[in-house]
Amino acid sequence: EEDDDDSDDEDMLEEEDDSDDDSSSSDDSDDEDDEDSDDGMDAEANEDAIEAIRKAAMKMQQDIDDDNSGDSDSDDFTNEQMFATDKLLAEAFRAKRQELSRKKALKVAAADFKFRALSLLELFAKSQPSSKFLPEIIVPRLLNASRNARIRFKSNPMEKSFLELAQRIDSVLTKHACKHAAMVTGAGKDVHEILIQLIDLADNGVGAGRDSDAAKGFAKTAAVACAYIAKVLESNGKARVAAEIYKTAITEKFEKKTSRLRAPFFAELIKLSPNVLALSSKELASLCDLGDSARAQFLRQESLQLLFQIFSCKQRDPSIPSADEINSMCEKPLANAVKAEVENQSRRADICKMCANVLEAIGRRAEGFSFSQKAKTAIENANETQKKRKPHPSQKTVLALERIAKALDIHELSKKKNNGEDGEKMKTKKRKSLLDDEKKMKKKKVTSSFK
């Protein structure tokens, strides 16, 4: 019995130990459940806030005339959700404001850096005008930068800083970097490739209208940069290479309707290096003979204007172009320009006036030149054809045609005038020598009588 009692007591002790273990394990599990529930509450709160923002976005997208909009009471925010949403939205807007401020500060710093770099380049161009880095690196890169700034301004017109940067680049190029091309020597072999690239840039423009704020100024800057590179080539004995590039620009770009090249582009070259464009006179004259369309009439006026500037330029070598090339131009292109059929009377008079200007300039400035008989005949026939065209020419047109007729004899008249002046000088010299001889004879007679 005692053994039975002892066994019962042992069994009871074991049961108590088991119960203690169970209670302790249950306590641990309760603690873990409490921790999980706390984390779960935070996650649920975030999820509720996100869900609230999502519902707000969905509400904004709903149509106000939706039939089910009245049943949306279940989607209303609770106070806790509203407070959580306000906090999240405030943080989002604060972060966005800080990001915008940072970007603005970076933009201002970048613009300031660019202007400082331009000031350094300006100082370099002033102090080292003969450096080969100007035509090879600085000028082409600055022109590219000016174009890119204008394109960015075109896409975002509110950002005036892009236009200000482009204008500052234009100032550095036109006033300093492209001023002393004749002083640059020892330029690399690839300078002609740079000229081709810059002419392509000028022809493409900035992708905007010619009269837009983005396009203003770029055409002139590009013309100055191209003329500068051409002058560098001429200074290094490569004038004909530059002339060939401009010939290609005239025949393949200037003739096209989509081209952005105009007469002022080539006029900049006449100011800096007239001989280069004078070598392209034949190609310019060919633009006078493209027909009677509106585009042909426009190109005819542009080419006549440039030819007049070439032959009037005092810095041009009078032997360029040659006499044969001038007579060839007069025989066909210029003769066709004189007799061109133009309906508008004002434009008709302007074209005849331009032809007269060109022919008079040729007669005045061409050294050792006289119009060939074939060229004279072609111009005279064209003159008569224009007079007979209907409607009857206006008074301005008639006066211009009379100037054309006189221009053909300007050179001969000047030769006769010079010959007459030479004859008068010879006569005056002869009279003076005779008077001197008479004085000597009188002096001898007085001396002999005194003796």
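For the structure itself, consult the block above.
Now for a quick tour of the structure. From a predicted model like this one, the values you see are computed outputs, not experimental measurements.

## Section: the overall build of the protein chain
Logical step 1: Across its full length, the protein chain holds 16 helices and zero strands.
Logical step 2: Across the 451 residues of the protein chain, 34% fall into the buried class.
Logical step 3: Restricting to contacts in the protein chain with at least 6 residues of sequence separation, those with at least 24 account for 79%.
Logical step 4: Only carbon and sulfur atoms are counted for the fraction: they give 51% of the accessible area of the protein chain, which is about 28100 Å².

## Side note on the pattern of salt bridges
Logical step 1: Under the definition given, this model contains twelve salt bridges.
Logical step 2: One salt bridge in this structure joins R389 and E341, with 3.8 Å as the shortest N-O distance. Note that R389 is positioned in the loop between α14 (373-388) and α15 (395-407) and E341 in the loop between α12 (323-338) and α13 (345-365), a separation of 48 residues in sequence.
Logical step 3: Note on R389: relative accessible area 24%, which makes it partly exposed.
Logical step 4: Residue E341 is classed as partly exposed on the basis of its relative accessible area, which comes to 46%.
Logical step 5: Taken together, the shared-partner salt bridges in this structure form one network comprising K220, E268 and K271.

## Quick look at the side chain of S131
Logical step 1: Looking at the element boundaries, S131 is found in the loop between α2 (79-127) and α3 (133-155).
Logical step 2: At 3.2 Å, the side chain of S131 and the backbone nitrogen of F133 are in polar contact.
Logical step 3: Apart from residues no more than four positions distant in its own chain, S131 is found in contact with F124 and V184.

## Considerations on the packing of helix α8 (residues 263-272) against helix α11 (residues 294-312)
Logical step 1: Where α8 contacts α11, the axes come no closer than 10 Å and their chain directions differ by 10°. Viewed along their axes, α8 and α11 adopt a mutual orientation that is roughly parallel. Contacts between α8 and α11 pair A263, F266, A267 and I270 from the former with E302, Q305, L306, Q309 and I310 from the latter.

## What about unusual backbone geometry?
Logical step 1: With an omega dihedral of -5°, the bond running from I320 to P321 counts as a cis peptide bond.
Logical step 2: As for its position among the elements, P321 is in the loop between α11 and α12.
Logical step 3: The step from K390 to P391 runs through a cis peptide bond, and the omega angle for that step is 5°.

## Here's the deal with the state of the cysteines
Logical step 1: Scanning all chains against the criterion turns up zero disulfides.
Logical step 2: With no disulfide of its own, C226 has C178 as its nearest cysteine by sulfur position, at a separation of 9.3 Å.
Logical step 3: The closest cysteine sulfur to the non-disulfide-bonded C352 is located on C355, 6.3 Å from its own sulfur.

## Brief notes about the packing of aromatic side chains
Logical step 1: Per the counting criterion, the structure on display carries four aromatic pairs.
Logical step 2: Between Y246 and F266, the aromatic rings sit 6.1 Å apart at their centres with planes inclined by 65°, giving edge-to-face as the arrangement. Placement of Y246 in helix α7 (residues 239-254) and of F266 in helix α8 is noted, with a sequence separation of 20 residues between them.
Logical step 3: Judged by relative accessible area, which is 0%, Y246 ranks as buried.
Logical step 4: Residue F266 is classed as buried on the basis of its relative accessible area, which comes to 0%.
Logical step 5: For the pair F254 and F266, a centre-to-centre distance of 5.1 Å together with 55° between the ring planes defines the contact as tilted. Note that F254 is positioned in helix α7 and F266 in helix α8, a separation of twelve residues in sequence.

## Structural notes on the nonpolar core
Logical step 1: The biggest cluster of nonpolar side chains holds 98 residues, and the ones touching the most others in it are L195, Y246 and L334.
Logical step 2: With twelve residues, helix α6 (residues 218-235) is the single largest residue contributor to this core.
Logical step 3: With residues up to four places along the chain from it excluded, the contact list for Y246 reads L195, I199, C226, A227, A230, F265, F266, L269, V276 and S280.

## What to know about the environment of K374
Logical step 1: Topologically, K374 is positioned in helix α14.
Logical step 2: Given a relative accessible area of 58%, K374 falls into the exposed group.
Logical step 3: Counting along the chain gives 47 residues from K374 to N327, while the straight-line C-alpha distance between them is 8.1 Å.

## Digging into α15
The periodicity of an α-helix, 3.6 residues per turn, causes residues three or four places apart in sequence to face the same way.
Logical step 1: With 13 residues, α15 extends 18 Å from end C-alpha to end C-alpha; this agrees with the ideal 18 Å at 1.5 Å per step.
Logical step 2: Within α15, the full set of buried residues consists of T397, A400, L401, I404 and A407. Summarising the axial view, the buried residues of α15 lie within an arc of 115°, below the 170-degree limit, and thus occupy one face. Exposed and oriented more than 90 degrees from the buried face of α15 are Q395 and K406.

Rules used throughout
- Sequence order as written defines the numbering, with residues in each chain counted from 1.
- pLDDT decides what is reported in this predicted model: residues at 70 or higher carry local features, side-chain atom pairs at 80 or more are listed and counted, and totals for whole chains, interfaces and linings draw on all residues regardless.
- Side-chain numbers here rest on the full set of heavy atoms in the structure, without hydrogens or water.
- We count a stretch as a helix when DSSP gives it H or I for four or more residues in a row; a strand needs E for two or more, and each element gets its number in order from the N terminus.
- Exposed residues in this analysis have more than 50% of their type's maximum accessible area, buried residues have under 20%, and partly exposed residues fall in between, with area computed by a 1.4 Å probe over protein chains only.
- In what follows, a contact means two residues having at least one pair of non-hydrogen atoms within 4.5 Å.
- Using a 1.4 Å probe, the Shrake-Rupley method yields the accessible areas, and only the shown protein chains count as cover for residues.
- Definition used for salt bridges: Asp or Glu carboxyl oxygen within 4 Å of a side-chain nitrogen of Lys or Arg.
- Any pair of N or O atoms that falls within 3.5 Å is considered a polar contact. Within protein, one atom must be able to donate a hydrogen and the other to accept it, and sequence-neighbouring residues count only if both atoms are side-chain atoms.
- A fitted line through C-alpha atoms serves as each axis, taken over the contacting stretch for helices, and the angle formed by two N-to-C directions is quoted from 0 to 180°.
- Roughly parallel covers angles under 35 degrees, roughly antiparallel covers those over 145, roughly perpendicular covers 65 to 115, and oblique covers all other angles.
- Criterion for a disulfide: a pair of cysteine sulfur atoms within 2.5 Å.
- Side-chain rings of Phe, Tyr and Trp (the six-membered ring for Trp) are treated as a pair once their centres are within 6.5 Å; stacked means planes under 30 degrees apart, edge-to-face means over 60, and tilted covers the remaining angles.
- Here, nonpolar core means buried Ala, Val, Leu, Ile, Met, Phe, Trp, Tyr and Cys residues that are tied together by side-chain atoms lying within 4.5 Å of each other.
- Working rule for helices: expected span equals 1.5 Å times residues minus one.
- What the arc measures is the spread of directions leading from the helix axis to the C-beta atoms.

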